[in-house]
Amino acid sequence: MSALSALARAMSAAAEDVGLLRVGGVVVGVTPGMYHVAGLSRVVALGDLVSIETGEDGASAGSLGEVVRIDPDVTLVKPFERDEGAALGHRCWRVGPHRVAPHESWLGRVVDALGRPIDGAGPMLQGAPRASAGDPPAPLARARVGAGVRTGVRALDVFAPLVEGQRIGVFAGSGVGKSTLLAMLARASGFDAVVVALVGERGREVRDTLEESLAGCRARATVVVATADESAMMRRLAPRTAVTVAEHYRACGRSVLLIVDSITRYAHALRETALSAGEPPVARGYPPSVFSDLPRLLERVGPGAEGEGAITGVFSVLVDGDDHNDPVADAIRGALDGHIVLSRAIADEGRFPAIDILRSLSRLAPRVWSAEERKLAQSLRAMIARFEDTRDLRLMGGYQRGGDAELDRAVTTTPKLYAFCAQTPDDAPSTDAFRELAAALRGEAGAAPDSRKPAQAS
């Protein structure tokens, strides 16, 4: 290593540590949503933040951008704000990787993707800085998943139970009740902290989420917001900031519920950023980096190291055109520990949450079920499948009671199961789903048996 290279590294480290030295460049080109900066190529890395001086004279307080491409002579910087007013000749200063400094006092607060408060409740205390683009825990260093988590949603607690530290996706098209189901999951009482990332949502839904969905747990929730009108850079950063906050609470030994609504809009922001940096599309317009960035983010969620807490992740996946084989949906499904599928056909029938029991799966359910509960859940799934497979036959009048005992049981029991699974946010959360299921199958409206003995479908 030459003496000049060593000096450059020492100066860069000093600039990060004490802030007395600055390394900068000059804007030499401006395109929609992108700045071309000369003089930074040899001192920055991909993902570094850059402070861009704005204003008529270029001397006002700088806004932030991120390095998305480095060429020998020019660095491409994509700003976080849409119209910050930088022009040719304005200075850009290297800031370094984006870091968030979560603190216990962040519970109950609302921040933007950069970690700045937007709730009007004053400045926030800062903890130890963490890189928002952190790495997942080492596979052999992290603990195993914990015990089962009672979500309060009857259909999930019976057919697709969750485990502490699990990652699960809610797959649905638009307008099928995805956000409503997430609001019901946010009420689960088994978590010490809740972190919610609203990515690309309508601005009016932010207050709805705070005042309705999180009404019962606002004091133990941190909300990270990047609405649909914000830049792709903010929508790209919001889930990373939320995961970083959740990692802080996990390191403190807390059991954390992380809700990202939606991870698909995060993928859209990744695509927009990568395409603008010149990366070629490979699958339905998505560049290759999207399919490496998604699992990297998802892998940061889950159990921490031994002695730490765990992050239970619930990610909503917006299925474009109800196509569940969309490349992004397929990539996310492969990286998760289960998937909850919401059906538009079920929603059209007025059954909410519109969970398709036959297509929903929790890969960690065997850790939660007892032997009897597993046997019951499997038999009820088979019964629902038989009921749905013969729907057309029954509509055409081809079914006569008494000819098939198994089908007779399915026709009698499945409507009771559907009624049992129907639940709204105004209903009280389920406290013991299997006992409530037993009461429903026995026709005891609202009653629960004395024991948790599984009911026999009849």
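Here is what the cut-offs are and how they apply
- Residues numbered from 1 in each chain as written.
- Predicted model: local features only at pLDDT ≥ 70, side-chain atom pairs only at ≥ 80, totals over all residues.
- Heavy atoms only, no water.
- Helix = DSSP H or I, 4+ residues; strand = E, 2+ residues; numbered from the N terminus.
- Contact = heavy atoms within 4.5 Å.
- Pairing = 2+ DSSP bridges.
- pLDDT = per-residue confidence, 0-100.
- Polar contact = N/O pair within 3.5 Å; in protein donor to acceptor, adjacent residues only side chain to side chain.

Enquirer: Could you give me a rundown of the side chain of arginine 236, with the residues and numbers involved?
Expert: Tracing the backbone shows arginine 236 in helix H5 (residues 232-251). Discounting residues that sit within four places of it in the chain, arginine 236 has contacts with Glu66, Tyr266, Ala269, Leu270 and Thr273.

Enquirer: Mind laying out the pairing of strand S2 (residues 34-38), listing which residues take part and the relevant values?
Expert: Taken together, the 5 bridges between strand S1 (residues 24-31) and S2 define a ladder with antiparallel strand orientation. In the strand pairing of S2, valine 26 is matched with alanine 38. The sheet contact formed by S2 and strand S5 (residues 74-79) spans 4 bridges and is antiparallel. In the strand pairing of S5, tyrosine 35 is matched with valine 77.

Enquirer: Tell me about the confidence of the model for the protein chain, and name the residues and values.
Expert: Chain-level pLDDT for the protein chain is 89 on average; 90% of the residues reach the 70-or-more range. In this model, residues 445-458 is a region of pLDDT below 50 whose contacts with residues beyond four sequence positions or in other chains number 29 contacts.

Enquirer: Pulling in residues and values, what's your account of the sheet that holds strand S8 (residues 110-112)?
Expert: Note: strands within a sheet are paired through backbone hydrogen bonds, in either parallel or antiparallel orientation. Here we have 8 strands laid out as an open sheet, ordered S8-S14-S13-S15-S16-S12-S17-S18, and mixed in their pairing. Every other strand in the sheet has two partners, leaving S8 and strand S18 (361-362) as the edge strands with one partner each. Pairing of strand S15 (residues 255-261) with strand S16 (residues 310-318) involves 6 bridges; the strand directions are parallel. Its bridge partner lying in S16, valine 256 is registered against isoleucine 311.

Enquirer: I'd love a proper account of the pairing of S1, names of residues and values included.
Expert: Where S1 and strand S6 (residues 91-97) come together, 3 bridges link them in antiparallel fashion. Bridge pairing links glycine 25 to cysteine 92 in S6. Adjacent in sequence and paired antiparallel, S1 and S2 are bridged by 2 residues, among which glycine 33 carries a positive phi angle near 75°.

Enquirer: Provide a residue-level description of the side chain of arginine 94, including the pertinent values.
Expert: By the element assignment, arginine 94 lies in strand S6. Side-chain polar atoms of arginine 94 contact the side chain of aspartate 48, separated by 3.3 Å.

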